[in-house]
Amino acid sequence: MQSNKKGALAFIFVTLLIDVMGFGLIIPVMADLIAELKGIPLNEASTYGGLLLSVFAIMQFICAPLVGNLSDRYGRRPILLISLLGFGIDYIILAMAPTYGWLFAGRIIAGITGASFTTASAYIADVSTDETSRAKNFGMIGAAFGLGFVLGPALGGLLAKFGLRAPFYAAAVLCLINCIYGYFLLPESLAKENRRPFDWKRANPFGSLKFLTRHPEIAGLSVAFFLIYLGSQAVQGNWNFFTQYRFGWHSDMVGWSLALVGVLVGAVQGGLTRVIVPKIGNERSIYVGLGLYTLGMVLFAFANQSWMMFAFLVPYCLGGICGPSLQSVIAGHVPANQQGELQGGLTSLMSLTTIFGPLIMNGTFAYFTSVKAPFHFPGIHFIIGAVFMGLSIVIIKRVFMREKSNPSVGHVLEQTQAATEMPLH
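Calculation criteria
- Residues numbered from 1 in each chain as written.
- Predicted model: local features only at pLDDT ≥ 70, side-chain atom pairs only at ≥ 80, totals over all residues.
- Heavy atoms only, no water.
- Helix = DSSP H or I, 4+ residues; strand = E, 2+ residues; numbered from the N terminus.
- Polar contact = N/O pair within 3.5 Å; in protein donor to acceptor, adjacent residues only side chain to side chain.
- Contact = heavy atoms within 4.5 Å.
- Core = buried A, V, L, I, M, F, W, Y, C linked by side-chain atoms within 4.5 Å.
- Buried < 20%, exposed > 50% of the residue type's maximum accessible area, 1.4 Å probe, protein only.
- Expected span 1.5 Å × (residues − 1).
- Axes fitted to C-alpha atoms, helices over the stretch in contact; angles between N-to-C directions.
- Nonpolar A, V, L, I, M, F, W, Y, C, P; charged D, E, K, R; others polar.
- Patch = residues over 30% accessible without salt bridge, like charges linked within 9 Å, V, L, I, M, F, W, Y side chains within 5 Å.
- Areas by Shrake-Rupley, 256 points an atom, 1.4 Å probe, with all protein chains shown as cover.
- Salt bridge = Lys/Arg side-chain N within 4 Å of Asp/Glu carboxyl O.
- Disulfide = S-S within 2.5 Å.
- pLDDT = per-residue confidence, 0-100.
- Parallel < 35°, antiparallel > 145°, perpendicular 65-115°, else oblique.
- Left-handed = near helix turned anticlockwise from the far one by under 90°.

Student: Pulling in residues and values, what's your account of the side chain of Ser251?
Tutor: Looking at where Ser251 falls in the secondary structure, it is placed in helix H11 (residues 251-302). From its side chain, Ser251 meets the backbone oxygen of Pro28 in a polar contact 3.2 Å long. Filtering out sequence-adjacent residues up to four positions away, Ser251 remains in contact with Pro28, Val29, Asp32, Gly157 and Ala160.

In structure tokens, the structure reads:
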């Protein structure tokens, strides 16, 4: 049994790693592929790239609760295998796509089946015997994300030398091989006696957002949380389009830059946060982190040489120290028996930023690099992101000041309880 558990956890780690790698593999070439299929310049292709990101996020927002409930009814194993199969089919469609419409269809399929993180988390909870082992096993998620985001873009940039479609075929092979491996070797983790009937009400994607509206004490912090992740879409959703248009980067350069992001984020989340936050406290960590995020965005906007983008990634990624502190403060306002609902609500907010963020950032970039724009400014979306970050600072400052003047509100700034950060990168 112990051997089976270790093998199952190894499979889950590889599944998560492949998912992140698969996403990272295609980022360096996606801009060129869209531009080629649409027959348009890179800056115009940015808008279509944003649509692909948004439709994927919309389908995940709608289907993630549905898929999670299905896994409670039918078990984790079939849902994980279907997810891997869906991603494999998606990458094949992307690799063979003769038109942009095929890319759109592929992203819809991936969004519907892309529940591996949710179901994998449930699988880990099923096979973990106590809180200590559960915490240790859940650490695999962060490790897989960090490693996958380093390896994926770098490998994607290298494979792009064999053609724009090569990274998609590589991602498809990885997913399908893991699906076959799991079909023969992955045991089911959810016993039949622990399964429950499917309930459409519990599969409502908007249900988790209702929780945030029922807690006015965290309303302001939740708005700030939303603005931070919305602002981060200036980097996440448009990095490849901007750098290729502004500096003429090729796919391999995009891949290496994103690999650097993975290394920096891993260093901040895995080491620096654990040292800085206990020393300066949650409130200062939030202000310092948001200040660095804002600075990084402004520097990106006005960068005029390639090396600057690499250099300016340092202050931007150091801004990641604000995430754990903000989530810790928000969590400190909610009772222990409601933490799961809280994290679900925050996850839903993040999903919404992934839906609307790329449309705002990529659309703005495309407009201000077109002949219709009143002035030419490729970095305008970074300024918009910086504004969102700045607004979040103002909101958080007002919340803290109000709570300091009225301690009964439940102000717990210096409580550094554990709260899992969902990376901005």
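Text resumes after the structure shown.
Student: Kindly report on the nonpolar core, identifying the contributing residues and their values.
Tutor: Residues Leu103, Trp239, Phe300 and Leu342 are the most contacted members of the largest nonpolar core, which totals 94 residues. When residues of this core are assigned to their parent elements, the largest contribution, 12 residues, is made by helix H1 (residues 2-38). Discounting residues that sit within four places of it in the chain, Leu342 has contacts with Phe211, Leu212, Ile218, Ile330, Ala331 and Val334. Ala8, Leu9, Met21 and Leu186 belong to the second largest nonpolar core, which has 16 residues in total.

Student: Lay out helix H9 (residues 219-236) in plain terms, naming residues and giving numbers.
Tutor: Relative to the 26 Å expected for 18 residues at 1.5 Å per residue, H9 spans 25 Å between its end C-alpha atoms, a close match to the ideal helical length. Most of H9 sits out of view: 14 of its 18 residues are buried.

Student: Which residues make up the packing of helix H10 (residues 239-247) against helix H12 (residues 306-318), and what are the values?
Tutor: For the pair H10 and H12, the least separation of the axes is 10 Å and the interaxial angle reads 150°. Contacts from Trp239, Phe242, Thr243 and Phe247 in H10 reach Ser306, Met309 and Leu313 in H12. For the contact of H10 with H12, the per-class residue count stands at 5 nonpolar, 2 polar and no charged.

Student: Tell me about the environment of Ala64, and name the residues and values.
Tutor: Residue position: Ala64 is located in helix H2 (residues 42-74). For Ala64, a relative accessible area of 27% corresponds to the partly exposed category. For the pair Ala64 and Pro205, spaced 141 residues apart in sequence, the C-alpha separation works out to 7.6 Å.

Student: Explain a nonpolar patch on the surface residue by residue, including any values.
Tutor: Taken together, the side chains of Ile180, Tyr181, Tyr183, Phe184 and Leu185 define a hydrophobic patch exposed on the protein surface, amounting to about 610 Å² of accessible area. Structurally, Tyr183 can be placed in helix H7 (residues 166-185). In this structure Tyr183 comes out as exposed when scored by relative accessible area, which is 52%.

Student: How would you sum up the state of the cysteines? Please name residues and give values.
Tutor: One pass over the full model with this rule turns up 0 disulfides. Cys175 supplies the cysteine sulfur nearest to Cys179, a cysteine that is in no disulfide, at a spacing of 8.9 Å. A residue is classified by how much of its surface remains accessible, and Cys179, at 12% relative accessible area, is buried.

Student: Can you lay out the confidence of the model for the protein for me, pointing to particular residues and giving the numbers?
Tutor: Residues at a pLDDT of 70 or more form 87% of the protein, whose mean pLDDT is 82. Predicted confidence for residues 410-425 stays below pLDDT 50, and this span has 56 contacts to residues more than four positions away or in other chains.

Student: Help me get a handle on the packing of H9 against helix H13 (residues 322-331), residues and values and all.
Tutor: Closest axis-to-axis distance for the H9/H13 pair is 10 Å, and the angle between their directions is 155°. Looking at the two axes, H9 sits roughly antiparallel to H13. For the element pair H9 and H13, the recorded crossing hand is left-handed. Between H9 and H13, the contacting residues are Leu221, Phe225 and Ile228 on the first element and Leu326, Gln327, Val329 and Ile330 on the second. Of the residues in the contact of H9 with H13, the class split is 6 nonpolar, 1 polar and no charged.

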